[in-house]
Amino acid sequence: MFRSRYGGRVARRVVVGDLRVQQIDRRDGRRSWTIVWPEGSLHAEADRFLRVYDGSGTQRTYAYYLVDHLRWLERECLAFEKVVLRDLERYMGIVGAEVLMPLGEPWRIGKRPYGRSALSTAAACLKGFYLHQSSLGVNCELGKKLDTSRLPTRADRRRAFLGHVKNSLPTNPLAPTRPRRRHPKMLPDGARDKLLAVVNAARDRLVVTWLADGGLRIGELCGLHLVDLHLREDAACGECRTPHVHVCHRPGNPNRAEAKTKLPWRVEGGTVTGGLIKRVSPAMVHTYFEYLTSEYPRGTRHGMLLVQLHGKDSGQPWAPVGARRMLGRAGKRAGLGVVKPHAFRHNFTSAVLDAAGGNLLIARDAGGWASAAMVDEVYGHVDIHDQAFDTALRTVWGGAE
Ligand SMILES: [Zn+2]
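Two numbers describe how helix α8 (residues 191-198) lies on helix α9 (residues 202-214): the axes approach to 9 Å, and their chain directions differ by 170°. Considered as vectors, α8 and α9 are oriented roughly antiparallel to each other. Taken together, the residues of α9 that come into contact with α8 (itself represented by Arg192, Leu195 and Leu196) are Arg205, Val208, Thr209, Ala212 and Asp213. Along the lines of polarity and charge, the residues of the contact of α8 with α9 split into 4 nonpolar, 1 polar and 3 charged.

If you trace the backbone, Arg90 turns up in helix α4 (residues 85-94). Classification of Arg90 by relative accessible area gives buried; the value is 16%. A distance of 3.0 Å separates polar atoms of two side chains, one belonging to Arg90 and the other to Glu76. Excluding residues that lie within four positions of it along the chain, Arg90 makes contacts with Trp72, Glu76, Leu78, Met101, Pro102, Leu103 and Gly104.

As a further point, take the pattern of salt bridges. Evaluation of the coordinates by the stated rule reveals 17 salt bridges. Notably, a salt bridge pairs Arg75 with Glu76, separated by 2.8 Å at the nearest N-O pair. Arg75 gets classed as buried once you look at its relative accessible area, which sits at 2%. Take Glu76: its relative accessible area is 15%, and that puts it in the buried class. Note that Arg90 and Glu76 form a salt bridge whose closest N and O atoms lie 3.0 Å from each other.

Surrounding the zinc ion are the protein donor atoms His230 (ND1), Cys237 (SG), His244 (NE2) and His246 (NE2), at 2.0 to 2.1 Å. Geometry at the zinc ion is tetrahedral, judged from the 4 donor atoms that bind it and their angles of 101 to 117° at the metal. In the primary structure, the donors to the zinc ion are separated according to the pattern H-x6-C-x6-H-x1-H. Judged by relative accessible area, which is 12%, Cys237 ranks as buried. According to the relative accessible area criterion, His244 is buried, its value standing at 0%.

Here we take up helix α5 (residues 116-135). Counted at 1.5 Å a residue, the expected span for α5 with its 20 residues is 28 Å, and the 28 Å between its end C-alpha atoms agrees. Among the residues of α5, Ala118, Leu119, Ala122, Ala123, Cys125, Leu126, Phe129, Tyr130, His132, Gln133 and Ser134 are the ones counted as buried. Check the buried side of α5 and you find it contacts α2 (44-50), α3 (57-75), α4 and α6 (140-148). Phi turns positive, to about 90°, at Gly137, one or two residues after α5.

So, on to the environment of Arg232. By the element assignment, Arg232 lies in the loop between β3 (229-230) and β4 (244-247). Taking C-alpha positions, Arg232 is 9.0 Å from Val285, a pair spaced 53 residues apart along the chain. Look past the residues within four positions of Arg232 in its chain and what remains in contact with it is Arg241, Pro243 and Phe289.

Alignment of strand β5 (residues 265-268) against strand β6 (residues 271-274), held across 4 bridges, turns out to be antiparallel. Among the inter-strand pairings, Trp265 is bridged to a residue of β6, identified as Gly274. Connecting β5 to the next strand, β6, in antiparallel fashion are 2 residues, including Gly269 with a positive phi near 55°.

The next point concerns the packing of aromatic side chains. What the rule picks out here adds up to 10 aromatic pairs. A centroid spacing of 5.6 Å and a plane angle of 75° characterise the contact between Phe49 and Phe129, whose relative ring orientation is edge-to-face. On the criterion of sequence distance, the pair formed by Phe49 in helix α2 and Phe129 in helix α5 is long-range, its members being 80 residues apart. No difference in accessibility class separates Phe49 from Phe129, as the two residues are buried. Measuring from ring centre to ring centre gives 5.0 Å for Phe129 and Tyr130, while their planes differ by 80°; the resulting arrangement is edge-to-face. Judged by its relative accessible area of 1%, Tyr130 is buried.

Rules used in this analysis
Residues numbered from 1 in each chain as written. Predicted model: local features only at pLDDT ≥ 70, side-chain atom pairs only at ≥ 80, totals over all residues. Heavy atoms only, no water. Axes fitted to C-alpha atoms, helices over the stretch in contact; angles between N-to-C directions. Helix = DSSP H or I, 4+ residues; strand = E, 2+ residues; numbered from the N terminus. Parallel < 35°, antiparallel > 145°, perpendicular 65-115°, else oblique. Contact = heavy atoms within 4.5 Å. Nonpolar A, V, L, I, M, F, W, Y, C, P; charged D, E, K, R; others polar. Buried < 20%, exposed > 50% of the residue type's maximum accessible area, 1.4 Å probe, protein only. Polar contact = N/O pair within 3.5 Å; in protein donor to acceptor, adjacent residues only side chain to side chain. Salt bridge = Lys/Arg side-chain N within 4 Å of Asp/Glu carboxyl O. Donors = N, O, S within 2.8 Å, 3.2 Å for Na, K, Ca; no water. Tetrahedral: all angles 85-135°; square planar, octahedral: opposite > 155°, others 65-115°. Expected span 1.5 Å × (residues − 1). Pairing = 2+ DSSP bridges. Phe/Tyr/Trp six-rings, centres within 6.5 Å; stacked < 30°, edge-to-face > 60°.

This is a description of form; function is not addressed.
The following block contains the structure:
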């Protein structure tokens with residue numbers, strides 16, 4: 001894999017090992033990350049740079065991106081005070097960015113090329129590192145150039161498609177096939193229960209449960225008004241016998257939450273009809289009453305379902321960004337990484353599809369349907385009282401409880 005001119009280096013690497021990221025557990029319980037040489041001494045320049053982000057997640061992330069770059073410099077026999085912009089562009093290219101230049105020896109063999117967000121992070125990390133060097137008087141030439149230029153961060157789709165450096169790493173026909181990866185945007189198994197175990201507010205339990213069981217978008221959920229909820233059997237709208245909500249597009253919501261679907265809806269005699277109708281699970285009803293009786297403020301005028309619980313805006317409508325942040329934090333506490341609301345929708349749809357034996361019509365309508373009275377054109381629809389539809393949803397909800 002390595003040509004002879006790298007022979008010596010390869011030998012050294014085998015004997016001594018690589019630069020590596022070192023995690024430091026501190027007495028106060030916090031952790032920080034730095035980069036050390038194979039024999040254990042600090043990589044002084046990397047350490048100085050990483051200290052800027054002391055103890056943060058960024059420090060850890062940057063440590064891993066930077067160590068890859070520093071190893072590459074070693075392999076290329078480049079000292080970082082000699083690095084020029086073109087070297088950095090070539091490095092970005094070799095980890096997966098679209099660049100028009102020869103890239104040299106393969107790198108990160110057997111690993112996937114960086115995707116779009118990893119490329120952005122790598123670019124930010126490298127730029128930060130070299131600007132930091134320049135501020136200390138090292139390689140100021142490069143620092144000046146970096147101040148005014150962007151490193152390439154567009155993923156090279158062609159190479160991603162070809163498997164990056166596949167030609168240098170023939171697949172082994174005897175190797176066992178790996179289990180099929182789940183859709184990367186899906187939630188990990190058991191995410192719902194793990195999240196419910198770490199959130200503190202009834203409101204947040206509602207959010208997790210409603211996203212998981214209802215397949216709602218976060219904008220739809222945060223945009224709900226209390227009048228949109230028909231949680232008792234045989235609601236006055238006459239559009240669905242079982243508990244359900246009407247997702248209504250309201251561009252004027254004070255928290256700017258907006259339903260994506262703009263189906264017509266109206267209020268007559270205090271009863272909402274139309275909009276996107278979604279069925280509601282028993283667990284959703286339960287979390288709703290728990291929230292309404294314990295945390296929902298009395299005497300609000302806005303009439304929106306989700307409100308802020310703390311601070312000066314307590315009782316005011318809760319914006320989707322607040323809900324996203326809550327989920328992001330809860331995901332980290334639960335050890336799931338950052339949880340994004342849309343992942344619940346992927347899980348919900350795929351669970352319904354499984355439960356409905358692949359019936360796409362059921363899967364589509366489980367995510368909401370327009371009331372027959374509100375749509376002019378006739379198109380394929382599941383009868384909402386259809387047994388298979390009902391069974392699919394109950395299977396999904398039952399399996400989740
Ligand atoms: Zn209704």
